[in-house]
Amino acid sequence: MKNEIFIIHGTDYRNMAERILKEAGVAEKIGDKEKTVGIKPNYLAAIDPSLGATTHPELLEGVLKYLSENGFTKLVVMEGAWVGARTADAVRLFKLDQLCGRYGAKFADMQNDTSEVCDCAGMDIKICSTALHVDYMINMPVLKGHCQTTVTCALKNNKGIIPNSEKRRFHTMGLHRPIAHLNTKVRNDFILVDNICGDLDFEEGGTPVQMDRVLGFFDPVLCDSFVCETMGYQAKDVEYIRLAEDLGVGSTDLSHAVIRELNSAPDGAVNPAGRSPRKTARLSAHVKADNACSACYGMLIHALARMEENGSLTKDHPPICIGQGYKGKTGDIGIGIGACTKGFAHHLPGCPPRGAKILEFLEKVLQASSRKSS
Ligand code: SF4
């Protein structure tokens with residue numbers, strides 16, 4: 001179903017990717033084994049995935065393994081690094097030739113590909129030929145922030161399948177409109193999102209927020225809307241998502257989404273604060289975490305970042321508590337985030353609650369507490 005969202009938590013990334021594809025029935029959806037399947041990760045440059053910018057190769061391996069074990073032999077992994085970087089450097093860092101070779105897949109560098117001019121809902125856009133001629137496309141973006149477009153995920157990842165000259169032109173057009181139009185033409189049959197440790201603010205990483213999740217979607221607009229909610233934004237605030245919906249690419253309607261959680265947050269939850277760069281460490285200082293799951297904690301960090309940006313994150317507030325260590329604790333302990341804190345006088349339900357909900361809740365509670373103290 002186009003409105004399904006698959007979520008899996010954990011750290012065995014290769015198996016998580018395989019499991020999502022299996023649960024979503026991707027092999028059955030592709031059908032004929034003779035079909036050519038394209039796979040588009042996000043390797044904008046040779047940047048280690050732990051920095052929150054690039055697709056973890058373990059996920060790519062999971063996708064290739066799944067497809068090859070299901071009898072698909074015409075597999076093409078494709079990428080074109082961003083302007084100023086060479087795809088070949090990313091290929092070397094991620095050992096993509098060897099990885100593809102193990103599963104009989106080809107790697108195609110979109111910086112060396114031919115292109116064709118396509119009518120994308122009234123806008124002419126040059127698209128790389130290899131991407132245009134696959135029968136099924138698995139898009140593998142990273143959930144992360146972007147300094148110009150606020151968020152980047154499925155829709156914007158397809159900028160990697162246009163030539164460099166076209167990427168430059170997209171920037172002169174302000175990115176939003178051309179990204180939306182591009183997606184009326186390119187395939188987005190399945191989207192497997194790397195939500196392991198995407199960056200808080202920037203496409204090139206540096207401020208990763210550990211969440212240890214992999215997500216699956218059939219609709220790229222729904223995907224990007226969900227990403228907005230995770231990061232404490234709303235889809236309507238991101239122009240290219242709204243435009244893509246208007247052009248019929250997909251739906252932003254999360255209220256009708258069917259969410260399939262394939263497991264619950266893992267036992268032995270981690271506290272990502274311990275391995276945070278400066279900005280996340282600063283935000284973490286507002287939090288009292290006790291065995292918080294990565295996804296829950298990550299969404300709280302995204303919400304706090306939005307509050308810091310809009311000036312609503314005050315210094316003096318009751319402790320913001322999160323984590324499984326608060327299960328069963330009751331009373332006026334602080335502000336509780338998530339189902340584990342349901343005994344608190346003030347708490348936000350959800351397991352985990354989404355970033356946008358955390359933002360709304362905290363803004364209200366912090367405002368009320370600063371009114372009381374003044
Ligand atoms: S509410 Fe508790 S169990 Fe649920 S994700 Fe958050 S910390 Fe984990």
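Because the structure is a prediction, the values reported are computed rather than measured.

Q: Kindly report on the overall build of the protein, identifying the contributing residues and their values.
A: Broken down by element type, the protein carries 14 helices and 16 strands. For the protein, whose C-alpha radius of gyration is 21 Å, the value lies close to the compact-globule estimate of 21 Å for 374 residues. By its C-alpha atoms, the protein is 65 × 45 × 40 Å across when sized along the principal axes. By the burial criterion, 58% of the 374 residues in the protein qualify as buried. Taking as baseline every contact in the protein between residues at least 6 positions apart, the subset at least 24 positions apart corresponds to 71%. Element-wise, carbon and sulfur atoms account for 48% of the exposed surface of the protein, whose accessible area totals about 15,000 Å². Averaging the locations of the 44 positively and 45 negatively charged side chains of the protein gives two centres separated by 2 Å.

Q: So what's going on with the nonpolar core? Which residues, and what values?
A: Counting 49 residues, the largest nonpolar core has M78, I127, V151 and I241 as the members making the most contacts within it. If you tally residues by element for this core, the top one is helix α10 (residues 220–230), at 6 residues. Apart from residues no more than four positions distant in its own chain, V151 is found in contact with K144, G145, H146, V227, C228, M231, Y233, V238, Y240 and I241. Counting 42 residues, the second-largest nonpolar core is a separate cluster that includes L21, C100, I138 and I196.

Q: Now, about the domain arrangement of the protein: what can you tell me, with residues and values included?
A: When the parts of a complex come together, some accessible area is lost, and that lost area is often taken as the interface size. Domain boundaries in the protein define domain 1 (4–261) and domain 2 (272–373). Across the boundary between the two partners, domain 1 contributes 21 residues, which contact 21 residues of domain 2. Seen at the junction of domain 1 and domain 2, the total is 3 salt bridges. Salt-bridge contacts for K279 lead to D201; the nearest nitrogen and oxygen are separated by 2.9 Å. On the surface where domain 1 and domain 2 come into contact, there are 7 residue pairs in polar contact (both at pLDDT 80 or more). Elements represented by at least two residues in the side of domain 1 that touches domain 2 include exactly α10 and β12 (258–261). At 3 residues, the largest contribution of residues to the side of domain 1 that touches domain 2 is made by α10. Its residues assigned to classes, the side of domain 1 that touches domain 2 comprises 9 nonpolar, 6 polar and 6 charged.

About the criteria used
In every chain, residue numbers begin from 1 and rise along the written sequence. For this predicted model, a pLDDT threshold of at least 70 governs which residues receive local features, and a threshold of 80 or more governs which side-chain atom pairs are given and counted, while totals over whole chains, interfaces and linings are taken from all residues. Excluded from the side-chain calculation are hydrogens and water; included are all heavy atoms of the structure. Under the DSSP-based scheme used, a helix requires at least four consecutive residues in state H or I and a strand at least two consecutive residues in state E, with every element numbered from the N terminus. In this treatment the radius of gyration is a C-alpha quantity, and the globule benchmark scales as 2.2 Å times the residue count to the 0.38 power. Remark: exposure states derive from per-residue accessible area (1.4 Å probe, protein chains only) relative to the maximum for the residue type, with buried under 20%, exposed over 50%, and partly exposed in between. What makes two residues a contact is simply this: any of their non-hydrogen atoms within 4.5 Å. Each accessible area is a Shrake-Rupley result for a 1.4 Å probe, and residues are judged covered by the shown protein chains and nothing else. This count recognises Lys and Arg as positive and Asp and Glu as negative, with His and chain-terminal groups excluded. Taken as the charge centre is NZ of Lys, CZ of Arg, CG of Asp or CD of Glu, depending on the residue. By convention a nonpolar core is built from buried Ala, Val, Leu, Ile, Met, Phe, Trp, Tyr and Cys residues, the set being connected through side-chain atoms within 4.5 Å. For the domains described, the bounds stem from an automatic or database domain assignment. Salt bridge, as used here: a side-chain nitrogen of Lys or Arg that lies within 4 Å of a carboxyl oxygen of Asp or Glu. Any pair of N or O atoms that falls within 3.5 Å is considered a polar contact. Within protein, one atom must be able to donate a hydrogen and the other to accept it, and sequence-neighbouring residues count only if both atoms are side-chain atoms. Residue classes follow a fixed rule: Ala, Val, Leu, Ile, Met, Phe, Trp, Tyr, Cys and Pro count as nonpolar, while Asp, Glu, Lys and Arg count as charged, and any other residue, Gly among them, counts as polar.

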